[in-house]
Amino acid sequence: MGGVLCALAWLAGVALQLQQPQLGPAQSYGAGVVLAGALVMAAWFSTKPGWLRLAILLLAVSTLAFSSTALRAGWRLAQALPAALEGKDLLVTGVITSLPQTDLYGSRFVFTADSATREGQSVAIPSRLSLGWYRGFDMDALLASPGLELRAGQRWQLTVRLRQPHGLMNPHGFDLELWLFEQDIRASGYVRSHASAVNVKLAEVDGQHIQRWRQWVRDGIEQQVSQRTVAGVLAALAIGDLAAITRDEWGLFRATGVAHLLCISGLHVTMFAWLAGLIVARLWRHSARLMLWLPVPTAARWGGLVAALFYALVSGFGVPAQRTVWMIATVVLLRSLGWRWPQGLVLLTAGVVVSLADPWALLQPGFWLSFVAVAMLINSEAVYAPRATVVGFKARALVVLRGGLRTQLIATVGLTPLTMVFFQQVSVVGFIANLVAIPLVTLLVTPLALLGVVLPWLWLAGAALVRAMTAGLGWLSQAPWAVWSAAAAPAWAVALGLLGGALLVLRLPWRLRLLGLPLMLPLLAPPINRPAEGSFEVVAADVGQGTAVLVRTRQHLLVYDTGPEYSRESDAGQRVLLPLLAARGERQIDTLMLSHRDTDHVGGAVSLLVHGDVRELRSSLAPGHALLSGDVPHVPCVAGQSWTWNGVRFDVLHPLPGDEARELKPNALSCVLRVQGATRSILLTGDIEAAQEAALVQRVGAGLKSDVLLVPHHGSRTSSTPAFIDAVAPRMAVVQVAYRSRFGHPVPDVMQRYAERGIEVQRSDRCGAWSWQLDGRMQCQRQAAPRYWHHQVDPTKP
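Attention here is on the structure that accompanies the text. All of these numbers come straight from a predicted model, not from anything done at the bench. (Residues numbered from 1 in each chain as written. Predicted model: local features only at pLDDT ≥ 70, side-chain atom pairs only at ≥ 80, totals over all residues. Heavy atoms only, no water.)

Moving on, we come to the environment of L234. Looking at the element boundaries, L234 is found in helix α7 (residues 228–239). Judged by relative accessible area, L234 falls into the buried class, the value being 0%. Along the primary structure L234 and T446 are separated by 212 residues, whereas in three dimensions their C-alpha atoms are 7.6 Å apart. When sequence neighbours within four positions are dropped, the list of residues in contact with L234 reads I221, V225, V445, A449, W459, G462, A463 and V466. (Helix = DSSP H or I, 4+ residues; strand = E, 2+ residues; numbered from the N terminus. Buried < 20%, exposed > 50% of the residue type's maximum accessible area, 1.4 Å probe, protein only. Contact = heavy atoms within 4.5 Å.)

Here we take up the state of the cysteines. Scanning all chains against the criterion turns up two disulfides. What pairs with C767 in a disulfide is C780, and their sulfur atoms sit 2.1 Å apart. Looking down the S-S bond of the C767 and C780 bridge, the torsion is -105°, so its handedness is left-handed. Taken together, the positions of C767 in helix α29 (residues 764–767) and C780 in strand β27 (residues 778–780) put the pair 13 residues apart, joining distant regions of the chain. C780 matches C767 in its accessibility class, with the two residues each being buried. Along the chain, the cysteines that take part in disulfide bonds pair up as 1-2, 3-4, counted in sequence order. (Disulfide = S-S within 2.5 Å.)

Bringing the side chain of S670 into the picture now. Note that S670 resides in the loop between β20 (648–654) and β21 (672–676). At 2.8 Å, the side chain of S670 forms a polar contact with the backbone oxygen of N667. (Polar contact = N/O pair within 3.5 Å; in protein donor to acceptor, adjacent residues only side chain to side chain.)

Attention now moves to the nonpolar core. Formed by 39 residues in total, the largest nonpolar core has its most connected members in I221, L234, F253 and L262. When contributions to this core are tallied by element, the ones reaching two or more residues are α6 (209–224), α7, α8 (247–255), α9 (259–262), α18 (430–451) and α19 (458–477). Formed by 29 residues, the second largest nonpolar core is a distinct cluster that contains C6, L178, V354 and L362. (Core = buried A, V, L, I, M, F, W, Y, C linked by side-chain atoms within 4.5 Å.)

Pairing between strand β1 (residues 89–96) and strand β6 (residues 155–163): seven bridges, direction antiparallel. Bridge assignment links L91 to a residue of β6, and that residue is T159. Direction of pairing for β6 relative to strand β8 (residues 200–203): antiparallel, over a ladder of three bridges. Paired with W156 across the two strands is K201, which belongs to β8. (Pairing = 2+ DSSP bridges.)

The next point concerns the pairing of β20. Most of β20 is tucked away, with six of its seven residues classed as buried. Where strand β19 (residues 642–645) meets β20, four bridges bridge the pair, whose relative direction is antiparallel. Residue W645 lies in a different strand from β20, and its bridge partner there is V648. Hairpin connection from β19 to β20: two residues lie between these consecutive antiparallel strands, with N646 at a positive phi of about 50°. As defined by bridge partners, β20 adjoins β21 across five bridges and the pair is classed as antiparallel. Considered in β21, the bridge of V652 is made with L673.

Among the structural elements, W484 can be located in strand β10 (residues 483–485). Between the C-alpha atoms of W484 and A502, which are 18 residues apart in sequence, the distance is 20 Å. Those residues in contact with W484 that lie beyond four places of it in its chain are M420, Q424, Q425, V426, V428 and L524.

Before going further, it helps to spend a moment on the packing of aromatic side chains. Throughout the structure, instances matching the rule amount to 18 aromatic pairs. Taken together, a centroid distance of 5.3 Å and an interplanar angle of 80° make the contact between W133 and W156 edge-to-face. Remark: W156 occurs in strand β6 and W133 occurs in strand β5 (residues 128–134); sequence separation between them is 23 residues. For W133, a relative accessible area of 7% puts it in the buried group. Under the relative-accessibility criterion, W156 is labelled buried at 8%. Aromatic rings pair up to connect F181, W360, Y788 and W789 into one cluster. The lysine or arginine in question, R680, covers the ring of F536, its NZ or CZ lying 5.9 Å from the ring centre. In this arrangement the basic side chain of R680 is found over the ring face of W772, its NZ or CZ atom lying 4.6 Å from the centre. (Phe/Tyr/Trp six-rings, centres within 6.5 Å; stacked < 30°, edge-to-face > 60°. Lys NZ or Arg CZ within 6 Å of the ring centre and 35° of its normal.)

So, in structure tokens, the structure goes:
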């Protein structure tokens, strides 16, 4: 019991440290480590009652976990890129230490640098960099760029521009800065390709044996299997290259609840270890000398452990693989010593080891989904039910089938609350899909993917099975009820949902188990707080260099612009807006207003039109524009249009009738929308410039006055004229802009105009998503839940 409590105390100490908004002085954490050692000694030599000694020991363990994790975090933060080197041309030398992810428009890879210079002078930069080497999005740039064959293990000298780790920050969104911190990547950037840049391959091979082997396997799969989506699945199963799976395929696998199978899961690692153990045992029996030196069962266990470790390493060493390796290692060590621990204690020990290797893994959904799934199976009736002697093939098959159904049912029900907490959705067809996909992937596709390393033609057989599986999953995903999604639940609903899931799978009387169903309901269908009549709320999403604003009344939602297109396979609609809408419980978009045609305003529109339920489109887009070719009704936005939703008035102030025929710049045609509620108002301006601002002041005058202003054209010097700012007279000005915008937005002179008038300005590169909440509070996402790994931007810097 003491060991279990110590393990829990360690995990609690780590978890508590991960909640710190800022790190304290390193000396204080060093003192914590010393204090923990002193407490251990005190508990060891104490003559006090056992419970007091245990309490002192638990305090020591949690203190050690907290302090040691903080020290490691401090050391990692100290490796940050100096702000003075951001955006400067640096000449770095190093090795590609990841599998480059390459498409027609460039490559992205991890580069481990061992030296860097700036204008001939040596400079200190982080060792691990995330770099992109882009060729451009237009065909001229694509054809003009040289073909690049980047491979893991190559040594290069590159001219790069770097920046400190900075990601988009939105409610319930992906925390890129945490991911980079966990990967120990302390700077990101891109390779410069101008005429004077030095980009030279110094060596084709420089270490990185595992990564080079993974590269060789992926290349082999791509040569054998021409269909990219299928090759990506095989590469994911063979070497853990999850990035090889396309965005659409991930969407299919998530919708059908089988995405976990495409990761190198514990089941895959265990199977590999088991097969390796059988081979070692068979070979070991051929040598009497070896059997005298080490018994066959022991040799088989250690051989399986070595094989499991190798497979986990070549597959990227994700949390599920780590957990399985440490569990196997614990079992092998205990068996070799003649000890037997309960399975739960073995699992807990694996959790401690994972947190020792990577404390920040505790913040990843995969950690909890992996460990909770195994814990449920350990504590379920499927594990502890007595096994009667079964005679006959049919009887044994029936027992196996029943066991598989029970195991899948336990995993489905038990993991539903966690899945809802992390992803706000759960696959309704997942139970059926997994009944087929688990044995298919585990027993056929994965072995074929691995054996293809020796016999490449087996990859073709695996590809055929993958195509058949995806076809079946595609059919299942077409059901209108295939996925249940709900808004992000409040803390009390999360707690009740997790308790309900636990009750349903624990070995308890059925009357107690059934209590879990009503407890899970608030998590599956959480209450959503909507604005009162005459009120509205606003979220200005963090989309980088672009605009995207949500305006929600009691019964209606308007989305103003959709942010930029990041690449040919990624845009703000797919990456930011759809997850944000799902987390808010938004079922439909009543009006999607696209201010004008610039890609930083309409880049995410396709994703919303295809995957969102858009009822009406308003825009200044010219007839024949590709975005107007769908079935969504389109209304050109023209000054004078007005409508009311739930006591909130919406007025279109620009463009004027006939402006579209005057061959004006797209910015000049921006839809300007004023939203007026009973107690609040906001003016959304698109990219209007000085001429349009002057016309609005002359024509609308005092009608422009608003509490909040979405700063025109991202703070460009062509906008935000003094007369316009004075006419609007906002209390708050919001600028949606990228970190270190390549356009220099917002311009310091423009920001000075707002400062001179006492207007508070919030920039999305420093604020993250900005929200105007129902209670009147205006909140920045970066201030809502700050953590020490989040990027701290110097407010004195432009």
